[in-house]
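Inside the fold
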Amino acid sequence: MKQVMPKESRCSVPMNDRWSSKKSAELYGINDWGAGYFRLSEQGEVEVTVDIDDDSVSVSLMDIVLGMQARGLHMPAVLRIRNLLDQRIKILNESFTRAITQTGYRNHYRGVFPIKVNQQCHVIEEIAEYGRHYHHGFEAGSKAELIIALSQVRDKDSLIVCNGYKDKEFIDLGLYARQMGYACFFVLESVNELPLILERSDIVGADPLLGVRIRTSVMVDGHWRHDSGDRSIFGLCTDTLLTVIDSLREASKLHCLQLLHCHLGSQIPNIRNVRSGVLDACRFYAGLVREGAPMGYLDLGGGLAVDYEGARTNSTHSMNYQLDEYCVNIVESICETLDPMYIDHPVIITESGRATVAYSSVLLFNILDVRDSHPGPLLSSLPPGGNENLAGLKWALDNVTQDNFQECYNDALFYRDALREDFQHGQASLRERGLGENWFLAVLQNIAALLPQVNRVPPELESLPTLLSDIYYGNFSLFQSLPDVWAIDQIFPIMPIHRLTEKPTRSAVLADLTCDCDGKIDKFTGPKGLTRSLPLHPLHPGEDYYLGAFLVGAYQETLGDLHNLFGDTNVINVAIKGDGSFDFVREFHGDRVADVLRYVEHEPRQMQERFRQVAESAVRQGKINVTQRQAILRAFSNSLNAYTYFKRS
Ligand SMILES: *Cc1c(COP(=O)(O)O)cnc(C)c1O
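Residues numbered from 1 in each chain as written. Predicted model: local features only at pLDDT ≥ 70, side-chain atom pairs only at ≥ 80, totals over all residues. Heavy atoms only, no water.

**Notes on the site of the ligand**
Taken together, 17 residues lie around the ligand, and Lys116, Ser266, Glu351, Gly353 and Tyr555 are the ones closest in. Lysine 116 places a side-chain nitrogen or oxygen 2.5 Å from an oxygen atom of the ligand. Side-chain polar atom of tyrosine 555 to an oxygen atom of the ligand: 2.6 Å apart, as the coordinates give it. In isolation the ligand exposes 390 Å². Once the protein is present, 92% of that is buried. The class makeup of the residues in the shell around the ligand is three nonpolar, nine polar and five charged. (Near = heavy atom within 4 Å. Polar contact = N/O pair within 3.5 Å; in protein donor to acceptor, adjacent residues only side chain to side chain. Areas by Shrake-Rupley, 256 points an atom, 1.4 Å probe, with all protein chains shown as cover. Nonpolar A, V, L, I, M, F, W, Y, C, P; charged D, E, K, R; others polar.)

Following this line, the structure appears as structure tokens:
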């Protein structure tokens, strides 16, 4: 179906000649973090650009939003762009192949997707289907994830790597997979897993493919700095590794040991860490070969970063390398270590999760309301006989300059507090307090306007711009849709997806629908690094204003929770076609209220019955009549069937 609508009809505001899409692009840094997948159209809308054959094709996100509206799919919604998922698998595999060819490396690359990063069925299905061409397999960290992998992988050249603690059922499943010809590896997390694996393999009658997870001493930068190196809770220490080798040799199963696994951590922003990790892993690999294990597979885990900031630095939310550089560094480091020892080049495995799926999902939401931090219309003179502190505030308001702003700030604070105290003691009226607070806000605003010209901003005034930001209330739950923002201070690029030919004149922080003070976003990527507020447009009455949170395909969906019982959002999967049209290949309606109630063991039928009894007794007492009773029960039942998020009526 053709989705494209005429763009002019949506531009309610004429192009502003002092502002342009190009300026918006710079302001929001979209050309830096968008990696060529997201950019701005001249009409001021965010477009997603994908490769189809040798062409690149762009579609405006607003076109997709309109298509969703037409299908009754309300905000908030996760948009998954199938082409981007495919493209990431392709680029990952092709970059490794290129590095391998260039270096003369004598083996190949096999990627595996760690299921925990996005377990959603259609994401996994697409990776299995599209990845088949590259023999892209899966990494499973639990029984459930192994079941997912086994139900999806059809290609026996794709690998399945099992990490995590494995019980009898997990082990049996993996052994049966071996029997059927799957390249299914058990990576030993602990020496204690070994006896059970050997016992079950005797009973089932299949030799396992074994790997060992080492604990490298390499520390990595970024969020997981303190959990890396010797502090890592995963992997075998060297002494235990030797115990594993000895036990295998004793059981005449050393030939099963074919893989070395090394996962340094996620979102490694610094290429130097990657390189050190590979060098360390290769030394272990060589050691295992020397011990007589056949080996053949080197699994370097995840860690390939995503540049959420677009800054190209080694800061936590960024990365100081490109994909090609990552691949070349790995391939070269392996050659460098193993060649002098005449050890055959292993199959290179990586378990890139974040870098594979982050780009393909966008969280779309609308803004419901704004709390304006600008003071209302100001009274220009003191009311006669007004509270004496008002005069002080008025003076500060009228006299603030670049030279005395600190003094004015101190005064304003003093008089505002004194006024509040008078109010508490009944010596100032509600109207006087209102006027004083308005003036106080205006003083702060005047000071904030002066700060950009000031050489040294006093620490107590640094947070003034954030304090004075408007609060934009978004129709989403941070805890459900962007849990890492809350849990680990993750930065995601967030920006309006339309009206970008207009200058955004407001400075805002975002609040979600949960009535939780943690449900806010007040750190954003800006042109000069991280900022505490986001430039946004004023709302137009009667018109929706849409924002997108980008690069949210990794980790967010499953980590999300039911805080305030906001459930799963609507999800729409689109596939963009060569002619610029797109198909809604799948749509999933998010949780209804009844669904989330059941998750916490409330039974909607019983709730309805109990509520019916309340209504019935109200009829008996003559508080409502039967017609009203019907309307009330209908409202109750409609709410049970409704989307958990805010729906415009
Ligand atoms: C989480 C995890 C990954 C994925 O890491 P990314 O940084 O998302 O690529 C890979 N391997 C293991 C063992 C993991 O625990």
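**Comments concerning the sheet that holds strand E1 (residues 38-40)**
Reading across the sheet, the three strands line up as E1-E2-E3 and stay open at both edges, with antiparallel pairing between neighbours. Strand pairing shows two members of the sheet lacking a second neighbour, E1 and strand E3 (55-60), which therefore form its edges. Each strand axis lies, on average, 40 degrees off the axis of its neighbour in the sheet, ignoring direction. Here six bridges tie strand E2 (residues 46-52) to E3, and the two strands are oriented antiparallel to one another. Looking at the pairing, threonine 49 lines up with serine 58 of E3. Contacts between helix H4 (residues 82-103) and the sheet are confined to E1 and E2, with E2 contributing the most and set at about 50 degrees to the helix. (Pairing = 2+ DSSP bridges. Helix = DSSP H or I, 4+ residues; strand = E, 2+ residues; numbered from the N terminus. Axes fitted to C-alpha atoms, helices over the stretch in contact; angles between N-to-C directions. Contact = heavy atoms within 4.5 Å.)

**Focus: the state of the cysteines**
Scanning the model with the defined rule gives zero disulfides in all. Looking at the unpaired cysteine 262, the closest cysteine sulfur is the one in cysteine 282, lying at 9.3 Å. The exposure class of cysteine 262 is buried, given its relative accessible area of 2%. Just so you know, cysteine 335 is unpaired, no disulfide at all, and the nearest cysteine sulfur is the one on cysteine 282, 8.9 Å from it. Of the residues examined, cysteine 335 reaches a relative accessible area of 10% and is grouped as buried. (Disulfide = S-S within 2.5 Å. Buried < 20%, exposed > 50% of the residue type's maximum accessible area, 1.4 Å probe, protein only.)

**Some points on the sheet that holds strand E7 (residues 159-162)**
On the basis of which strands lie adjacent, the closed barrel formed by eight strands has the order E5-E6-E7-E8-E9-E10-E11-E12 and parallel pairing. Direction aside, the axes of adjacent strands within the sheet are offset by 25 degrees on average. Where strand E11 (residues 297-299) meets strand E12 (residues 347-350), three bridges bridge the pair, whose relative direction is parallel. Across the sheet, the residue bridging to leucine 298 is isoleucine 348, located in E12. Its contacts with the sheet place H4 against strand E5 (109-114) and E12, and it is angled at close to 155 degrees to E5. Strands in contact with helix H11 (residues 323-338) are E11 and E12; relative to E12, the strand with the most contacts, it is inclined by about 140 degrees.

**Considering the nonpolar core**
Judged by nonpolar contacts, the single largest core of 149 residues is most densely connected at Phe38, Ile81, Leu257, Ile348, Leu482, Leu510 and Phe550. With nine residues, the single largest contributor to this core is helix H10 (residues 271-290). Non-local contacts of leucine 510, meaning those with residues more than four positions away in its chain, are made with Phe365, Ile367, Tyr472, Ile494, Gly519, Lys520, Ile521, Phe524, Leu534, Leu536 and Leu547. Counting 25 residues, the second largest nonpolar core, distinct from the first, contains Val400, Cys408, Val443 and Leu450. (Core = buried A, V, L, I, M, F, W, Y, C linked by side-chain atoms within 4.5 Å.)

**Quick notes on the confidence of the model for the protein chain**
Close inspection of predicted coordinates is inappropriate for parts of the model with low pLDDT. In the predicted model, the protein chain carries a mean pLDDT of 93, and 97% of its residues have values of at least 70. Counting interchain partners and residues more than four positions distant, the pLDDT-below-50 stretch residues 1-9 has 20 contacts. (pLDDT = per-residue confidence, 0-100.)

**Let's talk about helix H7 (residues 168-179)**
Every α-helix carries 3.6 residues per turn, so stepping three or four residues along brings you back to the same face. Helix length check: H7 (12 residues) gives 16 Å between terminal C-alpha atoms against 16 Å at 1.5 Å per residue, within 8%. Buried residues of H7: Phe170, Ile171, Asp172, Gly174, Leu175 and Ala177, and no others. Residues of H7 that are buried make contact with helix H6 (143-152), E7, strand E8 (183-188) and helix H8 (193-204). Two residues or fewer past H7, glycine 181 is found with a positive phi of approximately 100 degrees. (Expected span 1.5 Å × (residues − 1).)

**Quick notes on the environment of threonine 313**
Looking at the element boundaries, threonine 313 is found in the loop between E11 and H11. On a C-alpha basis, the gap between threonine 313 and threonine 501 in space is 29 Å, while along the polypeptide they are 188 residues apart. When sequence neighbours within four positions are dropped, the list of residues in contact with threonine 313 reads Pro269, Ser318, Met319 and Asn320. Looking at threonine 313, its side chain comes within polar contact range of the side chain of serine 315, at 3.2 Å.

**Some remarks on the pairing of E12**
Of the two faces of E12, the one carrying Val347 and Ile349 and the one carrying Ile348 and Thr350 are both buried. For E5 and E12, the ladder comprises three bridges, and the chain directions are parallel. Opposite arginine 110, over in E12, you have isoleucine 349 as the bridge partner. Handedness of the crossover joining E11 and E12 through H11 is recorded here as right-handed. (Right-handed = clockwise from strand over helix to strand, strands pointing away.)

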